[in-house]
Each structure stands twice: as structure tokens, then as C-alpha cells.
There are 4 protein chains.
Amino acid sequence: MVGGGAAGSEDLAAAFTVGARLAVLGAVVVCGGLGGVMEAACRGARSAGGLTVGLLPGRSAAEANPFVDVAVPTGLGELRNGLVVAASAAVVAVGGGYGTLSEIALALRAGKPVVGVRTWSLVRPSGDADDGMVVVDDPAAAADLAVSLAGAGAG
Amino acid sequence: MVGGGAAGSEDLAAAFTVGARLAVLGAVVVCGGLGGVMEAACRGARSAGGLTVGLLPGRSAAEANPFVDVAVPTGLGELRNGLVVAASAAVVAVGGGYGTLSEIALALRAGKPVVGVRTWSLVRPSGDADDGMVVVDDPAAAADLAVSLAGAGAG
Amino acid sequence: MVGGGAAGSEDLAAAFTVGARLAVLGAVVVCGGLGGVMEAACRGARSAGGLTVGLLPGRSAAEANPFVDVAVPTGLGELRNGLVVAASAAVVAVGGGYGTLSEIALALRAGKPVVGVRTWSLVRPSGDADDGMVVVDDPAAAADLAVSLAGAGAG
Amino acid sequence: MVGGGAAGSEDLAAAFTVGARLAVLGAVVVCGGLGGVMEAACRGARSAGGLTVGLLPGRSAAEANPFVDVAVPTGLGELRNGLVVAASAAVVAVGGGYGTLSEIALALRAGKPVVGVRTWSLVRPSGDADDGMVVVDDPAAAADLAVSLAGAGAG
């Protein structure tokens, strides 16, 4: 579950829905643990009784949003984006920040399933659209697809 | 909660007790997620209804021991030892492996409380014993002390 | 200097030119140290008397291409992409791999100058093209621009 | 080449000698890039015409000491200690800080040769001295031994 700290209301609503749906499906929601899309996804997961993990950029658990169950301060700064990807069986990307873009790219690089909602479009040097990420309009459907692609119950 | 994968029965018993006591105290047990002392601590925590987090060296959640609730594959190899320390509010070290020694050192370097049970003694170049780590014989007392030193409920 | 291991001949020629021009300008060429675009850039830099640094994903200096002067095995896997960005004052991206995309994104996220040659186009969720990366057709001009944007002599 | 930022004059003199000798032997000196032992080793290496690499904890190359040829800002904080070890074919440890101790431990864990000069003594839980690190009084001899143990020309 990746997405930026600065997000509009539609992104936040989408992230809430994704988090809630992931929780319903039994997936653990792993994210960067801060505000914006990350917080909305955690809030959604929490509302559905799910477990949330925040891999934080800094050294203090206190920077986690209040809906993170397991706060992991990493001290890695933005390098923790790679850790969020490594820790996830599939990635749902919401919104259009550069951090989110880095996580999409790292997940595609690692061969992990990526489902995008209201996020970047990637155009290859040839001018062709890249088809590595599956683009889905409906956030709940995105969560369903991610869990399905991830295999049994991981998130 | 740090300690090695290769451990004798006394280390394993101590780790089980530490994990169980941490869970009773409401602390989340964070460890490297593999076998030996790590597995014993997770088993102890689970037996007391606690939550366990395993920060794994590899890329697959499947390498976690069966008592890890939240498996975080990091792909960092032994560099994940630093992450275990960063993610912890206090460290309880059990046993005498080099990985455990690295975690003791990184925690002391970061100014975090370290409680040692059946682990390394550190002698400064001057010949004086280092007093950065608190050495405790009783594993349950070590857990109590770690939680106390960590402040409110972190582990 | 970022770019993938699998690259066509035009990408390789562009990377060679970028590396050579960076060296002429006195910049150290930092890259991932493997083959393809990375090797071509190092070869270019070496041909112009420059210094090359390879931040390798694995644990062995032997995996560096033969034009790396300073091989740094990191053991970080693809997380070393973030390190390549952190270590660079500006980024020149050549080619269209996902690893390259991750480095573009991480550099933009960190607010570092990014100059792209024959690489990804990024389209925001709004449908607008992202203008964070400067796109340049001529590889030598890309190197000039990167050094200029990076400030005094870094690369 | 590992050692702390806060060091006495004997440690600094030893580090200078180690750095100079490593350079004479053709080894690249890799260190944490800051002051104290790190700076003394770089100064020594530079005095003998050697190449020095500083893997810095922060994000700015400006924090490197003036004798670092290749400054690599990592943004990893103290986790960069593990990177210094990963990047080295053998480790020479000078002085008694906790960061140095962590690097000794990580190197021993990774099975890399470690030569200690005026540094920690490690006592196993059994009360036996650990013999993983070779202790040498003479700094030049320590450098010779490290290069010899590392194999052909790495440092």
C-alpha cells in the first residue's frame, strides 16, 4: 500500500477504501506509516479490524500516524520506500507523488504485482505505454486484485 | 530482542522467558525473525498472547519462524541487524553470536537501553569493563528492566 | 549516472558519451557498477581519464564491470538504487528499465536535478506530463546540464 | 578501516600509520568519512598517494573530512557502518567507540578478516576470550596483515 503524504480528498477516500478492503481480505497493510494516503489506508484497515505496519523514515515511533499498529522506525529516510516494497507481497499505489512513483518502480523491478489507482502513467522511451502496472479505477477492486495477485492472504 | 540463530538450550529457555514476559508487559517483540533465540522469543511472546515482528534478512516472508505475526522481508542481509535496533525502544540480548554483538553495539551507539542475558562482556582498550549494557542473570527480570528503561510499553 | 543492465546500442553509445563528458568536466561518475548502461558510462569516463564508482547490489567486488575504479559491494540488492541517488549530486538517466525509473523517482523525491536521455516519460494522474526531469536529446549536453545543475564539479 | 570520530592522540597516530601503510600496499581505504580515526586514516593514505572513500552517514558530501577522495553520502545514519564493512575486503579497527565495535562485530559475522589495534576485547558468555579478531600492537603490521588476509590488493 503505497502513496504520498500530501494527497487530495479523492486520493484519501480511495486509500481508505483500499485499506479497509485489504483488511477484510485478511491482508496486513504495510506502508510508510506517515500521513496522507498512508494514514487513510491505515485508518481504513483499522476500521475493518485489520493489522497495520508502518515502516517509518525516521528514528522515532512517535512519527507514525495514530492508525499504525506496528511502528518500525528505520532511520533510512526515503530509502525506506524500498523496504516497504520488499516487505509487501503486492503493491497498491494511490496518488501521484514521487515517493509513490519510486515504490511503483521498485516493485516492478522486483517483479511484484502493482495495482494503480489514480496514479502515474508510465511511458517508455519508445512512446509506448508501459503495461507493468495494472490500472484500476475502483479502489475496492484494486485491493481485491492485489490480494489475488499476491497469492494467499499477503498484502 | 536480539540473539542468534544457533543457540544452546539455556539460551533458548532464557529467550522464551524474555519473550513471554515482554508480551505480558504489553511490549511488541521485534527480532530478526529466524530460528534459535529469535524463534524462542517469538514462541514465548505468542504463548503469552503478544505480538511479534520479524525483520528478515532475505526477500521472502516464508523464511520467518512460525511464531512471527508480522514478517517483514527486508532484503538487507545482515544490515537488517541495524534495522532491528532502530525499530526497538530497548534491546534484550541473549547469547553469544557475532550478530548479537553487532546489535548490542549498534544499540549502545544509538544510546538505546541494552540488557544482556548470558551474552558478551565488552572490555575497553584501557582494560576496563564497559558498563554500557546492563547485565542481568534472570531473563524475566531482564524483560522487566528493558520495558522500564524503554519507557511506556515499547519493546 | 543511472541506467539499466540491459540496453540497446543507442543507449550504450549515449551512456558512453555521458560518462566521457562527465569525466572531462571533472565529475566523479557514480553508478550501479554492473553492465549495460552502467558499464558504458564507466568506460566513457575511463576513456577521458575520469574516476568511476560502482555501488554494487551484491557482496562481491568481483561483480563490478572492469571500468569501475572504486567498487563498493553493498549487499543491499535493488535498495542500492537509493544509495546511487543519495551519493550523487545530480542524476543523468539513460534508457528505459524499471531500475532506472526508480532512480529517477528517488532523485526527484530528494529534490536532486535529473536529466533524462532516451528514458521514461512520466504522466501525472491529471494527465499532465510531469516536468520534474529535464529531457535532453544530446548526451553530451545532458552531462553538461547535470554538472551545471549539480553545482561545482560533483556528479 | 574503522574507528570512531572521538579519539585520543595515540589512536589518531595509529590510524594515520594504518592509512599510510594501506596506501603503500595499494589498498583503497574505505571508512565512514568523518573526523577522528577516519580522518587520520584518510590523511595517512593521502600522504602516501592512496585513494580514500568515505561512506558518510548523512546526505551531504560536505560532511566528509578533507582527505576523502570519493565521498558517498548514504543517508543511512549509523546503518552505514554495515555498508563500510560490506564494502571492505578486510577491516582494521582502531580505538574503542561503540560504532567501531559494531563494525568489528558485523565484519566477524560476515566472515571477513578483522585486525584490531588499541581496540575492544571481546569475552564470550563462557568467559573465554573471543579469538575472531587478530590483535596487533603495531599499526603498520596491522595494515600488512589486513591486506595479506584480504587477498590481492583490496582494503
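The rules behind the values
All residue numbers refer to positions counted from 1 along the written sequence of the respective chain. Here every chain gets a letter starting at A, and every ligand a number starting at 1, in the order they are written. In keeping with the model being predicted, local features are shown solely for residues with a pLDDT of at least 70 and side-chain atom pairs are shown and tallied solely at 80 or more, while totals for entire chains, interfaces and linings include all residues. In computing side-chain properties, one takes all heavy atoms of the structure into account and sets aside hydrogens as well as water. Put simply, DSSP H or I for four residues or longer makes a helix, DSSP E for two residues or longer makes a strand, and each gets a number counted from the N terminus. Note that the radius of gyration is over C-alpha atoms, with the globule rule given as 2.2 Å times the number of residues to the power 0.38. A strand pair is defined by DSSP finding two or more bridges across the two strands. Throughout, a contact is declared for two residues whenever any of their heavy atoms are within 4.5 Å. Axes here refer to lines fitted to C-alpha atoms; in helices the fit is confined to the stretch in contact. Angles between the N-to-C directions go from 0 to 180 degrees. For the least-squares superposition of copies, only C-alpha atoms count, and only for residues with pLDDT at least 70 in both. Disulfides are defined as cysteine sulfur pairs within 2.5 Å. A helix is expected to reach a length of 1.5 Å times the quantity of its residues less one. Residue burial is assigned from relative accessible area. The probe radius is 1.4 Å, only protein chains are included, and a residue is buried under 20% of its type maximum, exposed over 50%, and partly exposed in between. Accessible area, probed at 1.4 Å, shrinks when two parts are joined; the buried area is that loss added up over both. A pair is scored as a salt bridge if a Lys or Arg side-chain nitrogen falls within 4 Å of a carboxyl oxygen belonging to Asp or Glu. For the purposes of these results, a polar contact is taken to be a pair of N or O atoms within 3.5 Å, where, inside protein, one atom must be able to donate a hydrogen and its partner to accept one; residues adjacent in sequence count only when each atom of the pair is a side-chain atom. Under this grouping Gly is polar, as are all residues other than the nonpolar Ala, Val, Leu, Ile, Met, Phe, Trp, Tyr, Cys and Pro and the charged Asp, Glu, Lys and Arg. When the centres of two rings from Phe, Tyr and Trp lie within 6.5 Å, Trp using its six-membered ring, the rings pair. Their planes under 30 degrees apart give stacked, over 60 give edge-to-face, and anything left gives tilted. Throughout this description, the term charge over a ring refers to an Arg CZ or Lys NZ atom that lies within 6 Å of the ring centre and within 35 degrees of the ring normal.

S.K.: It is not clear to me how the overall build of chain A should be interpreted in this structure. Could you clarify?
M.R.: Of regular secondary structure, chain A possesses 5 helices and 8 strands. Moving toward the C terminus, one meets the helices and strands of chain A in the order β-α-β-α-β-β-α-β-α-β-β-β-α. Against the compact-globule benchmark of 15 Å for 155 residues, chain A has a radius of gyration of 14 Å, which places it among compact chains. A principal-axis box enclosing the C-alpha atoms of chain A has dimensions of 45 × 30 × 30 Å.

S.K.: Where do I start with the sheet that holds strand β8 (residues 134-135) of chain D in this structure?
M.R.: Note on sheets: strands pair through backbone hydrogen bonds, and any given pair is parallel or antiparallel. Residue and element names in this part refer to chain D. Within the open sheet, the 4 strands sit side by side as β1-β5-β6-β8. Their pairing is parallel. In this open sheet, the two edge strands, each paired with only one partner strand, are β1 (2-3) and β8. Note: strand β6 (residues 114-119) against β8, 2 bridges, orientation parallel. For Gly116, the partnering residue across the bridge sits in β8 and is Val135. Across the sheet, helix α5 (residues 139-150) is in contact with β5 (91-95), β6 and β8; its angle to β6 comes to roughly 165 degrees.

S.K.: Just checking my understanding: could you explain the relation of the copies chain C and chain B for this structure?
M.R.: The operation relating the pair of chain copies consists of a rotation about an axis and a translation along that axis. With an axial shift of 0.0 Å and an RMSD of 0.0 Å, the rotation relating chain C to chain B amounts to 180 degrees. What the rotation and shift describe, once combined, is the action of a two-fold rotation axis. Minimal C-alpha separation from the rotation axis in chain C is found for Leu76 of chain C, amounting to 2.6 Å. Mapped onto chain B, 100% of the interface residues of chain C again fall at the interface, so both copies present the same surface.

S.K.: What exactly am I supposed to notice about the state of the cysteines here?
M.R.: Note on terminology: disulfide describes a covalent bond linking the sulfur atoms of two cysteines. Inspection of the entire model under this criterion finds 0 disulfides over all chains. Unpaired in terms of disulfides, Cys31 of chain C finds its nearest cysteine sulfur in Cys42 of chain C, a separation of 3.5 Å.

S.K.: I would appreciate a short explanation of helix α4 (residues 98-109) of chain B in the present structure.
M.R.: Because each turn of an α-helix spans 3.6 residues, side chains separated by three or four positions end up pointing in the same direction. All names here are of chain B. Along its 12 residues, α4 runs 16 Å from first to last C-alpha, staying within 8% of the 16 Å computed at 1.5 Å per residue. Buried residues dominate α4, accounting for 11 of its 12 residues. Immediately downstream of α4, the backbone of Gly111 shows phi near 75 degrees, a positive value.

S.K.: What am I meant to see in the interface of chain C and chain B here?
M.R.: The figure often quoted for interface size is the accessible area lost as the parts come together. At the interface, 7 residues of chain C touch 7 residues of chain B. Summing both partners gives a buried area of about 360 Å² for chain C against chain B, and 54% of it is carried by carbon and sulfur. Of all residues in chain C, Arg59, Leu76 and Leu79 of chain C bury the most surface against chain B, accounting for 66% of the area lost on that side. Linking chain C with chain B are 0 salt bridges, by the criterion used here. Counting across the interface, chain C meets chain B through 0 residue pairs in polar contact (both at pLDDT 80 or more). Considered class by class, the residues forming the side of chain C that touches chain B number 2 nonpolar, 3 polar and 2 charged.

S.K.: Explain the pattern of salt bridges here, please?
M.R.: Side chains that differ in sign of charge can pair as their charged atoms come close. Tallying each qualifying case throughout the model produces 24 salt bridges over all chains. Taking the shortest distance from any N to any O, the salt bridge between Glu10 of chain D and Arg118 of chain D comes out at 3.5 Å. Highlighted residues: Glu10 of chain D in helix α1 (residues 9-24) and Arg118 of chain D in strand β6, separated in sequence by 108 residues. Here the salt bridges share partners, and the residues they tie into one network are Glu10, Asp11 and Arg118 of chain A.

S.K.: Got a minute to help me understand the packing of aromatic side chains in this structure?
M.R.: Ring pairs (aromatic) are described by centroid distance and by the angle formed between their planes. As enumerated under the stated definition, the model contains 4 aromatic pairs over all chains in all. Pairing Tyr98 of chain B with Trp120 of chain B gives two aromatic rings, centres 5.8 Å apart and planes at 20 degrees, and the pair type is stacked. Of this pair, Tyr98 of chain B sits in helix α4 while Trp120 of chain B sits in the loop between β6 (114-119) and β7 (121-123); the two residues are 22 residues apart in sequence, bridging distant segments of the chain. The residues Tyr98 of chain B and Trp120 of chain B share a single accessibility class, namely buried. Cation over ring: Arg124 of chain B sits above Tyr98 of chain D, and NZ or CZ is 5.5 Å from the ring centre.

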